[in-house]
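Read off the chains here:
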Amino acid sequence: MTFEKIPYKIYLTEDEMPMNWYNVRADMKTKPAPLLNPATGTPMGFDDLRPVFCDELIRQELDNDTREIPIPQEIRDFYKMYRPSPLVRAYCLEEKLQTPAKIYYKFEGNNTSGSHKLNSAIAQAYYAKNQGLKGVTTETGAGQWGTALSMACAYLGLDCKVYMVKCSYEQKPFRREVMRTYGASVTPSPSMTTNVGRKILAEHPDTTGSLGCAISEAVESAVQSGGAKRYVLGSVLNQVLLHQSVIGLETKAALDKYNIVPDIIIGCAGGGSNLGGLISPFMGEKLRGERDYRLIAVEPASCPSLTRGRFAYDFCDTGKVCPLAKMYTLGSGFIPSPNHAGGLRYHGMSSIVSQLYHDGYMEARAVEQTKVFEAAEQFARIEGILPAPESSHAIRVAIDEAVKCRETGEAKTIVFGLTGTGYFDMVAYEKFHNGEMRDFIPTDAQLAESFASLPQVPGLDN
């Protein structure tokens, strides 16, 4: 068996790591719509957001114009513990598929959180520490974000309060224990510890929870801390996609080393952080008219915000305590089925990703979880990495695209994001192997009921 000169793994040196985050908003012709005050329908500025977010993170959130934002030295030094991450040529998968396509994946699982989430967790914890805060509050779905944030807070000596979506809390006890090992307090959401949690449980006593529910509880906890804590979020927000741009910047630098130009770039999509981070420098080239790429977002068919949602202003949380964001949404009251891709169970999508999709710069596909796990198992057997269910959505479509190349004879170059490992997801794999996994797809009637609850704010056309 002979291979090309391109190695299995392309590593950057530490000196080649990005010095700046890339802000794709600077190159967007239509900027993401501003966050709105739900009571007045007016844009929210710096002072409006201060009770919830850290000061520097608000500045990053509102900055639509600065293309490059320097990464502080302390954060770059922390990154070096697990970055640069490898860009892997999937030679074995290509051979098994008998495809002329060239497949690469950016592997972000080489840290204890098992995912890309640490890229933003350390940044947000750093700015909270610099502001003199005691700690932070957050939500987590699959547990990757909660784990990453607990690691970052332990490193910096901050308190960390995590509200974990109830179905994931029950399905993934060991992920919970990793968070506790790093000193975090972990509560299943919705809970009886907050006003909004008690309200949700009163209305839906048997709910399995959602990211929207957990966000509401975490925000309330931060606001009621008397200024000692702030809320931080692992996806969706502009600031998070900014931090995650290190993924795409490293990917592009590794490809450039060998003069590789991808045709298709694929990422799983829940709130949009890893997808937005992976595609950001490529999207920048596309926005500037320098190069064209096919960019594909892959979401679960059980929570299809891009493919079946509405582009409208909506609450970011189920408890309706957060600002309104314009995004593709299924409605803040939408509770996804308890599927096994907990990190993708969010009713909305990043405003950046939503605007880019709305403007036609990228595609979106929804896939059923049984087909996702078929791809996950195939990938694990061939490439030797057990992927997270979230990442496996991207694997599913990457394999589908490679098979199309086999049928057409086209030798396209495909890049996808392998955002994390699945070693804490064995309950899901067990259900799949036992034939107990089912595909849950919301009906049009269910979505219509959820859309009916979209907020009616003066000046909005929802």
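Everything discussed here concerns the structure shown above.
Just so you know, these numbers come straight off a predicted model, no measurement behind them.

J.: Describe in detail the overall build of the chain, supporting the description with residues and values.
T.: Counting its regular elements, the chain contains 19 helices and 15 strands. Principal-axis analysis of the C-alpha atoms places the extent of the chain at approximately 65 × 50 × 45 Å. Expressed as a percentage of the 462 residues in the chain, the buried residues total 65%. A separation of at least 24 residues holds for 77% of the contacts in the chain among residues at least 6 apart in sequence. Accessible surface for the chain amounts to roughly 16,800 Å². Of this, 49% is attributable to carbon and sulfur atoms. Side-chain charges in the chain split into 48 positive and 53 negative, and the spacing between the mean points of these groups amounts to 1 Å.

J.: Could you give an account of the packing of helix H9 (residues 195–203) against helix H10 (residues 211–223), naming the residues involved and the relevant values?
T.: Contact pair H9 / H10: the axes reach a minimum separation of 8 Å and the direction vectors enclose 150 degrees. With respect to H10, the element H9 is oriented roughly antiparallel. Contacts between H9 and H10 pair Asn 195, Val 196, Gly 197 and Ile 200 from the former with Cys 213, Ser 216, Glu 217 and Glu 220 from the latter. Among the residues forming the contact of H9 with H10, the class breakdown is three nonpolar, three polar and two charged.

J.: Describe the sheet that holds strand E6 (residues 135–140), listing the residues and the values that go with them.
T.: The strand order E8-E7-E6-E9 describes an open sheet built from four strands, whose pairing is parallel. Each edge of the sheet is formed by a strand with only one pairing partner; in this case those strands are strand E8 (185–189) and strand E9 (229–231). Each strand axis lies, on average, 20 degrees off the axis of its neighbour in the sheet, ignoring direction. Taken together, the five bridges between strand E7 (residues 159–165) and E8 define a ladder with parallel strand orientation. Paired with Val 165 across the bridge in E8 is Ser 189. With respect to the sheet, H10 is in contact with E6, E7, E8 and E9, its orientation differing from that of E6 by roughly 170 degrees.

J.: I'd like to hear about the sheet that holds strand E5 (residues 102–107), residue by residue, with values.
T.: Taken in spatial order, the seven strands of this open sheet run E1-E4-E5-E15-E10-E11-E14, and their pairing is mixed. What marks the edges here is a single partner per strand, and that holds for strand E1 (9–10) and strand E14 (363–367). The pairing of strand E10 (residues 264–268) with strand E11 (residues 294–300) spans five bridges and is classified as parallel. In the strand pairing of E11, Ile 266 is matched with Ile 296.

J.: Requested: an account of the pairing of E7, with residues and values cited.
T.: Counting buried positions along E7 yields six of seven residues, so the element is predominantly enclosed. The pairing of E6 with E7 spans six bridges and is parallel. Bridge pairing in E7 links Thr 140 to Met 164.

J.: Which residues make up the side chain of Ser 350, and what values do they have?
T.: Structurally, Ser 350 is set in the loop between strand E13 (324–329) and helix H15 (351–358). Side-chain polar atoms of Ser 350 contact the backbone nitrogen of Ile 352, separated by 3.1 Å. A polar contact is formed between the side chain of Ser 350 and the backbone nitrogen of Val 353, at a distance of 3.2 Å. Setting aside residues up to four positions removed in sequence, Ser 350 forms contacts with Val 236, Leu 241, Gly 271 and Gly 272.

Definitions and cut-offs
- Residues numbered from 1 in each chain as written.
- Predicted model: local features only at pLDDT ≥ 70, side-chain atom pairs only at ≥ 80, totals over all residues.
- Heavy atoms only, no water.
- Helix = DSSP H or I, 4+ residues; strand = E, 2+ residues; numbered from the N terminus.
- Buried < 20%, exposed > 50% of the residue type's maximum accessible area, 1.4 Å probe, protein only.
- Contact = heavy atoms within 4.5 Å.
- Areas by Shrake-Rupley, 256 points an atom, 1.4 Å probe, with all protein chains shown as cover.
- Lys, Arg positive; Asp, Glu negative; His and termini not counted.
- Charge placed at Lys NZ, Arg CZ, Asp CG, Glu CD.
- Axes fitted to C-alpha atoms, helices over the stretch in contact; angles between N-to-C directions.
- Parallel < 35°, antiparallel > 145°, perpendicular 65-115°, else oblique.
- Nonpolar A, V, L, I, M, F, W, Y, C, P; charged D, E, K, R; others polar.
- Pairing = 2+ DSSP bridges.
- Polar contact = N/O pair within 3.5 Å; in protein donor to acceptor, adjacent residues only side chain to side chain.

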